[in-house]
Amino acid sequence: MLSLATTYCGGPTTAIGYSACLRYRSRMFLSVATTHRPATDLGFLLHKHPDRLHETDLSFGKGWLFYPEATEERCEAALLLDVDPIGLVRGKGRAEGLLDQYVNDRPYAASSFLSVALNKMLRTAMTGMSKERQELASGELPLEAVVTPLPMRGGEALVRSLFEPLGWTVDLTPIEGIGSGAGESRYGHLKLTGTGRLSALLNHLYVLIPVMDDAKHYWVGEAEVDKLLSKGEGWLEKHPAKDLIVRRYLRNRGALARIALERLVPETARETLPPELRVTPEEALETPIRLNDLRMEAVVRAIQATGATTVADLGCGEGKLLYRLVRERWVHKLFGLDPAARELECAAKRLKLNEFGGPPGGRVTLLHGSLTYRDGRWAAADVAVLVEVIEHLDEDRLPLVERIVFGETAPKSVIVTTPNADYNALFPRLAPGAFRHPDHRFEWSRAQFETWAAKIGEIYGYAATFSGIGAQDSTLGAPTQMAVFTR
């Protein structure tokens with residue numbers, strides 16, 4: 001079975017890369033390379049230094065990332081996995097089918113194991129963020145990717161139908177004598193070449209490797225729908241094979257596939273509408289009580305009350321708050337920061353930037369960036385505003401955002417709004433325990449929000465005042481809660 005994983009270790013190698021290739025040549029392999037000059041900038045984009053061997057423990061084995069080649073002309077990063085086949089079945093406790101559990105290609109052929117390792121080791125690179133080379137991360141580069149041995153359950157035609165519509169040139173070499181029998185080989189050496197964003201290539205591989213394998217090594221539940229839509233943002237809804245991709249990624253679980261496609265299709269339809277007519281699931285839920293309008297009005301009043309004239313809208317999305325603020329004469333300068341380039345494009349259209357009738361040049365600046373990185377471009381703001389943003393972040397990422405906003409940038413005032421989970425019981429269409437939006441990672445009660453704000457005050461020296469937005473319930477409070485932090 002070890003002969004399944006014929007790996008690619010071409011090109012000049014560093015001492016680390018060469019030794020790793022020799023030792024682990026029988027393991028599944030993925031590499032990404034560029035000839036952009038200086039090619040070693042790839043290390044900044046991947047957040048992994050070319051001179052080091054990067055090792056991580058995984059639930060199913062170990063992963064290594066190293067650079068077989070790192071020159072000014074070409075730089076290649078390689079990800080190798082060593083999957084423990086005994087550990088995969090240890091503790092299963094069932095004798096029946098035990099031989100099948102041990103004798104298979106799971107530890108050797110590219111599969112969902114590779115996607116999990118990719119996400120763990122290169123998660124930040126997959127978001128398209130780079131503190132040192134953001135312009136490069138947002139731009140298109142000459143790229144090459146190799147995956148081997150690649151399962152081809154569907155043949156070469158399927159592989160081409162998945163990657164070619166995304167703009168990649170496919171070079172697929174069958175690995176002879178492995179699972180071929182009398183027909184086509186079931187495994188191949190895949191090489192992709194083309195020009196594109198590195199983050200896009202990594203997300204394409206993350207989604208499509210399990211699709212080509214048509215299997216996953218872990219239980220697939222509703223959380224996988226969120227992962228699929230997140231990693232497929234901007235390309236999956238337009239892909240001609242999206243139905244097949246969704247079905248295979250979700251292990252042919254029909255109910256989950258329907259949920260994913262229903263969320264994909266309305267989003268596609270929504271994108272064809274002008275920004276002012278778009279409605280998110282959260283807005284649909286809150287529309288009957290005009291909560292979005294009330295929230296924007298309350299935030300504008302709160303900003304004005306701080307005396308600020310330079311405002312940073314962090315997580316500005318499609319620019320709804322900026323659109324309100326740009327009409328206020330007391331606002332001299334606006335910054336809008338968002339990690340999604342498509343949202344910023346919508347904001348620019350809404351605001352008519354660089355168009356007749358739009359704001360004067362320099363008054364509004366839209367920034368592609370992340371709250372998890374210090375960004376001096378909006379540091380001049382008197383007040384930073386996070387309107388319905390924090391609940392979209394994983395709670396373990398919040399301390400980093402807190403440090404960037406309250407600690408390092410430290411504007412005079414910070415305004416935060418977030419759903420009041422206590423109030424959710426009053427939404428008739430919201431199931432008990434459900435969140436208002438499928439992308440929310442948490443929703444806090446009033447007590448939890450106040451506890452969080454008190455911690456901010458203790459660590460960073462801010463005092464917070466609280467208020468509710470929307471109709472107040474005598475027991476459950478208002479649907480939105482707002483804190484105004486003052487340094």
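Treat the numbers as computed from the prediction; the structure is a model and nothing was measured. (Residues numbered from 1 in each chain as written. Predicted model: local features only at pLDDT ≥ 70, side-chain atom pairs only at ≥ 80, totals over all residues. Heavy atoms only, no water.)

A.B. asks: Honestly, the overall build of the protein in this entry has me stumped. Any pointers?
C.D. replies: When its secondary structure is counted, the protein shows 18 helices and 14 strands. Out of the 487 residues belonging to the protein, those deemed buried represent 52%. About 22000 Å² of surface is accessible on the protein, with carbon and sulfur atoms providing 52% of the total. (Helix = DSSP H or I, 4+ residues; strand = E, 2+ residues; numbered from the N terminus. Buried < 20%, exposed > 50% of the residue type's maximum accessible area, 1.4 Å probe, protein only. Areas by Shrake-Rupley, 256 points an atom, 1.4 Å probe, with all protein chains shown as cover.)

A.B. asks: Looking at this model, I keep getting lost on the packing of aromatic side chains. Mind explaining?
C.D. replies: To describe a pair of aromatic rings, you give the distance between the ring centres and the angle between the ring planes. Applying the stated rule across the entire model yields eleven aromatic pairs. Here Trp444 and Phe449 contribute two aromatic rings whose centre-to-centre distance is 6.5 Å and whose plane-to-plane angle is 35°, an arrangement assigned as tilted. Per residue, the accessibility class of Trp444 equals that of Phe449, and both read buried. Over the face of the ring belonging to Phe44 we find Arg133, whose NZ or CZ atom lies 4.0 Å from the ring centre. (Phe/Tyr/Trp six-rings, centres within 6.5 Å; stacked < 30°, edge-to-face > 60°. Lys NZ or Arg CZ within 6 Å of the ring centre and 35° of its normal.)

A.B. asks: Please explain the sheet that holds strand 4 (residues 75-83) as it appears in this structure.
C.D. replies: The strand order across the open sheet formed by seven strands is 2-3-4-1-5-7-6, and the pairing between neighbours is antiparallel. In this open sheet, the two strands that pair with only one neighbour each are strand 2 (54-58) and strand 6 (169-174). Strand-to-strand twist across the sheet, computed as the mean angle between neighbouring axes with direction ignored, equals 15°. Note: strand 5 (residues 141-151) against strand 7 (residues 187-196), nine bridges, orientation antiparallel. (Pairing = 2+ DSSP bridges. Axes fitted to C-alpha atoms, helices over the stretch in contact; angles between N-to-C directions.)

A.B. asks: Just to check I follow, could you spell out the packing of helix 8 (residues 155-163) against helix 9 (residues 198-213) for this structure?
C.D. replies: What describes two packed helices is the angle between their axes and the distance between those same axes. Orientation of helix 8 relative to helix 9, taken along the N-to-C sense of each, is 160°, at an axis distance of 11 Å. As judged from the angle between their axes, helix 8 and helix 9 are roughly antiparallel. Considering only the axes of helix 8 and helix 9, their crossing is right-handed. On helix 9, the residues touching Val159, Leu162 and Phe163 of helix 8 are Leu205, Leu208, Val211 and Met212. Residues that form the contact of helix 8 with helix 9 fall into these classes: seven nonpolar, no polar and no charged. (Parallel < 35°, antiparallel > 145°, perpendicular 65-115°, else oblique. Left-handed = near helix turned anticlockwise from the far one by under 90°. Contact = heavy atoms within 4.5 Å. Nonpolar A, V, L, I, M, F, W, Y, C, P; charged D, E, K, R; others polar.)

A.B. asks: Just checking my understanding: could you explain the pairing of strand 10 (residues 364-368) for this structure?
C.D. replies: Along a regular strand, successive side chains alternate from one face of the sheet to the other. Note: strand 9 (residues 333-338) against strand 10, five bridges, orientation parallel. Counterpart to Gly336 in the pairing with strand 10 is Leu366. For the crossover from strand 9 across helix 16 (residues 341-351) to strand 10, the handedness is right-handed. (Right-handed = clockwise from strand over helix to strand, strands pointing away.)

A.B. asks: I keep staring at the side chain of Asn203 and nothing clicks. Help me out?
C.D. replies: Mapped onto the elements, Asn203 comes out in helix 9. Not counting residues up to four positions away in its chain, the partners in contact with Asn203 are Met126, Lys231 and Trp235.

A.B. asks: Quick question: what am I supposed to make of the sheet that holds strand 12 (residues 413-419) here?
C.D. replies: Strands pair in a sheet through their backbones, by hydrogen bonds, and they do so in one of two ways: parallel or antiparallel. Across the sheet, which stays open at both edges, the seven strands sit in the order 10-9-8-11-12-14-13 with mixed pairing between neighbours. The open sheet has two free edges, formed respectively by strand 10 and strand 13 (463-469), since each of these has just one partner strand. On average, adjacent strands in this sheet sit at an angle of 15° to one another, irrespective of strand direction. Looking at chain direction, strand 11 (residues 383-387) and strand 12 are connected through five bridges and run parallel. Of the residues in strand 12, the one forming a bridge with Val387 is Thr417. The strands touched by helix 16 within the sheet are strand 9 and strand 10, with strand 10 carrying the most contacts at an inclination of about 165°. Across the sheet, helix 18 (residues 446-460) touches strand 12, strand 13 and strand 14 (480-486), and the angle it forms with strand 14 is around 15°.

A.B. asks: What exactly am I supposed to notice about the pattern of salt bridges here?
C.D. replies: Within this structure, the stated rule accounts for 21 salt bridges. Linking Asp293 and Arg324 is a salt bridge whose minimum nitrogen-to-oxygen distance equals 3.2 Å. Taken together, the residues span a long stretch of sequence, with Asp293 in helix 14 (residues 291-306) and Arg324 in helix 15 (residues 320-325) at a distance of 31 residues. A relative accessible area of 30% places Asp293 in the partly exposed class. Between Asp375 and Arg377 there is a salt bridge whose closest N-O contact spans 2.7 Å. Taking relative accessible area as the criterion, Asp375 reaches 10% and is therefore assigned buried. (Salt bridge = Lys/Arg side-chain N within 4 Å of Asp/Glu carboxyl O.)

A.B. asks: Teacher, can you tell me more about the pairing of strand 7 here?
C.D. replies: In this structure, strand 6 lies alongside strand 7, joined through six bridges in antiparallel fashion. Each residue of the ladder has a partner; that of Thr173, found in strand 7, is His189.

A.B. asks: What's the story with the nonpolar core in this structure? I'm lost.
C.D. replies: One finds Phe163 and Leu205 to be the most contacted residues of the largest nonpolar core, which totals 65 residues. Broken down by element, the residue count for this core peaks at ten residues, all from helix 9. By size, the runner-up hydrophobic cluster in this structure holds 29 residues, among which are Val414, Phe449, Ala453 and Ile456. (Core = buried A, V, L, I, M, F, W, Y, C linked by side-chain atoms within 4.5 Å.)

A.B. asks: What exactly am I supposed to notice about the environment of Lys238 here?
C.D. replies: With respect to the helices, strands and loops of the structure, Lys238 is situated in the loop between helix 10 (222-231) and helix 11 (242-249). Separated by 72 residues in the primary sequence, Lys238 and Leu166 have C-alpha atoms spaced 9.5 Å apart.

A.B. asks: Would you mind showing me how to read the confidence of the model for the protein here?
C.D. replies: Atomic detail in the predicted coordinates should be set aside for any region of low pLDDT. Per-residue pLDDT for the protein averages 81, and the proportion of residues at 70 or more is 80%. Across residues 1-26, confidence stays below pLDDT 50; counting only partners more than four residues off in sequence or on other chains, it has 57 contacts. Segment residues 89-107 is flagged for pLDDT under 50; beyond a separation of four residues in sequence, or across chains, it makes 25 contacts in the model. (pLDDT = per-residue confidence, 0-100.)

A.B. asks: What am I meant to see in the packing of helix 9 against helix 10 here?
C.D. replies: Look at helix 9 against helix 10: their axes get within 9 Å of each other, and the N-to-C directions meet at 145°. In this structure, the crossing between helix 9 and helix 10 has a hand that is left-handed. Across from Asn203, Tyr206 and Val207 in helix 9, the residues of helix 10 making contact are Lys227, Leu228 and Lys231. Split into classes, the residues belonging to the contact of helix 9 with helix 10 amount to three nonpolar, one polar and two charged.

A.B. asks: Is there a simple way to explain unusual backbone geometry in this structure?
C.D. replies: Note on backbone geometry: most residues besides glycine have negative phi, and most peptide bonds are trans. Looking along the chain, the bond that leaves Arg37 and enters Pro38 is cis, with omega of -5°. Relative to the assigned elements, Pro38 resides in the loop between strand 1 (29-34) and helix 2 (42-46). Following Thr148, the chain continues to Pro149 via a peptide bond in cis, the omega torsion being -10°. Inspection of the secondary structure puts Pro149 in strand 5.

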